[in-house]
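These are the residues of each chain, in order.
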Amino acid sequence: MENQRIKGKVVAITGASSGIGEAIARHLAAKGAKVVLGARRTHKLEQVVKEIQNSGGEAAFTSLDVTSPDHVKEFVQFALDTYQDLDVWINNAGVMPLSYLNQYKVKEWERMVDVNVKGVLYGIAAALPVFEKKDRGQFINITSVGDRWVGPTSTVYSATKFAVRAITDGLRQEVSQHIRVGLIAPGATESELADSISDPQLKKLAIEQFRVDTISADAIARATAYAIEQPDDVDVNEIVVRPTAQKSF
Ligand code: NDP
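For the protein chain, the helix and strand inventory stands at 7 helices and 7 strands. In sequence order, the secondary structure elements of the protein chain are arranged as β-α-β-α-β-α-β-α-β-α-β-α-α-β. Here the protein chain has a C-alpha radius of gyration of 17 Å; the compact-globule value for 249 residues is 18 Å, and the two agree. Dimensions of the protein chain along its principal axes, counting C-alpha atoms only, are 50 × 40 × 35 Å. Counting across all 249 residues of the protein chain, residues that qualify as buried make up 52%. Taking all contacts inside the protein chain whose residues are at least 6 apart in sequence as the whole, residues at least 24 apart take part in 71%. On the protein chain, roughly 11600 Å² of surface is accessible, and the fraction owed to carbon and sulfur atoms is 50%. Within the protein chain, one finds 29 positive and 31 negative side-chain charges whose respective centroids are separated by 2 Å.

In structure tokens form, the structure reads like this:
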């Protein structure tokens, strides 16, 4: 159902080809937002955009790799060229190749830093100038309950999310009083995230133990809509959304 405070807003979402990003795109488009989807798997984006358009929504997509600052800048330009504006930037793209530190999966540590931390910073570098020019805009960073919790195998992943939580609060304090900044920290949510775990045993464990009581990605999309639909002088800074059954982390 359309929402008057969301309708017409141009919302750019990184990592919108599956899971939470895809659910956010569908949910906000149904509420009347013009959604701009970016990720590497463009065939998936094309399908989501087609379905949004077939249901009467406004959506566009382009290829995006958040590990390239130039690519992220081009994504902002694509949103501006397509809809002549940018109102909300959602840093959602992320990877979670869990492992023990003494497995020395150094390349995977680097990838988490590149996507989960640097990707968010590149998003800020690309979208903030647009928001500062019009003195209005909103950042929503999708972190994780791992932005405040760490356990075996999640050390590097949690470190990247702790970093994004710090970046989010620092950004909030630095920007003008008209720019909103917040984070949404999901607990175990249905998505393809566990696919990035390369150790087969850890992947099985993650799916069988930690990801039994998942909530649908739409729960995170609804939280995102809540943050956007508040009046301009209300800045929702943090929302933590866990499955009710998730007690241990
Ligand atoms: P998915 O794996 O389903 O989605 C991850 C998205 O990130 C995909 O669209 C993927 O697209 C994109 N992505 C990965 N690398 C890049 C890249 N280099 N450039 C652009 N896009 C990229 O998982 P989720 O939906 O769960 O993940 C979304 C966010 O939610 C992540 O930040 C994750 O950490 C967070 N989160 C998820 C939880 C869960 O339980 N699901 C819990 C807590 C937080 P593509 O491969 O096409 O590029």
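After that view, the rundown keeps rolling.
Within the secondary structure, F78 sits in helix α3 (residues 69–83). Along the backbone, F78 and T62 are 16 residues apart, and their C-alpha atoms lie at a distance of 7.7 Å. Setting aside its immediate chain neighbours within four residues, F78 contacts V36, A60, F61 and T62.

Right, let's talk about unusual backbone geometry for a bit. In the Ramachandran plot, Y104 falls in the positive-phi region, its phi being about 50° despite a non-glycine side chain. Relative to the assigned elements, Y104 resides in the loop between β4 (88–91) and α4 (106–134). Residue class for Y104 comes out exposed when judged on its relative accessible area of 60%. Its identity as a non-glycine residue notwithstanding, D135 has a phi of 50°, on the positive side. Of note, D135 is situated in the loop between α4 and β5 (137–142).

Below, the discussion takes up the site of the ligand. Around the ligand, the structure places 31 residues, and the nearest of them are S17, I20, R40, Y157 and S191. At a separation of 2.9 Å, an oxygen atom of the ligand approaches a polar side-chain atom of K161. In the model, an oxygen atom of the ligand is placed 3.4 Å from a nitrogen or oxygen of the L193 main chain. In isolation the ligand has 870 Å² of accessible area, and contact with the protein removes 95% of it. Residues belonging to the shell around the ligand are distributed by class as follows: 13 nonpolar, 12 polar and 6 charged.

So, on to the packing of α4 against helix α5 (residues 155–174). Angle between the axes and distance between the axes: these two values describe a pair of packed helices. Two elements in contact, α4 and α5, have axes whose closest approach is 8 Å; the angle formed by their N-to-C orientations is 15°. Between α4 and α5, the crossing angle belongs to the class labelled roughly parallel. Classified by chirality, the crossing of α5 by α4 is right-handed. The segment α4 lies against α5, with W109, M112, V113, N116, V117, V120, L121, I124 and L128 engaging V156, Y157, T160, K161, A163, V164, I167 and L171.

This part covers α3. Its 15 residues place the ends of α3 21 Å apart at the C-alpha level, agreeing with the 21 Å of an ideal helix rising 1.5 Å per residue. Of the positions making up α3, those classed as buried are V72, F75, V76, A79 and Y83. Mapping the buried residues of α3 onto a view down its axis gives an arc of 95°, with all of them on the same face. Of the exposed residues in α3, the ones pointing more than 90 degrees away from its buried face are K73, E74 and D81. If you follow the buried residues of α3, they end up packed against β1 (10–14), β2 (34–39), β3 (58–63), β4 and α4. The first or second residue beyond α3 is Q84, which carries a positive phi of 60°.

The rules behind the values
- Residues numbered from 1 in each chain as written.
- Predicted model: local features only at pLDDT ≥ 70, side-chain atom pairs only at ≥ 80, totals over all residues.
- Heavy atoms only, no water.
- Helix = DSSP H or I, 4+ residues; strand = E, 2+ residues; numbered from the N terminus.
- Rg over C-alpha atoms; globule rule 2.2 N^0.38 Å.
- Buried < 20%, exposed > 50% of the residue type's maximum accessible area, 1.4 Å probe, protein only.
- Contact = heavy atoms within 4.5 Å.
- Areas by Shrake-Rupley, 256 points an atom, 1.4 Å probe, with all protein chains shown as cover.
- Lys, Arg positive; Asp, Glu negative; His and termini not counted.
- Charge placed at Lys NZ, Arg CZ, Asp CG, Glu CD.
- Near = heavy atom within 4 Å.
- Polar contact = N/O pair within 3.5 Å; in protein donor to acceptor, adjacent residues only side chain to side chain.
- Nonpolar A, V, L, I, M, F, W, Y, C, P; charged D, E, K, R; others polar.
- Axes fitted to C-alpha atoms, helices over the stretch in contact; angles between N-to-C directions.
- Parallel < 35°, antiparallel > 145°, perpendicular 65-115°, else oblique.
- Left-handed = near helix turned anticlockwise from the far one by under 90°.
- Expected span 1.5 Å × (residues − 1).
- Arc of directions from axis to C-beta.

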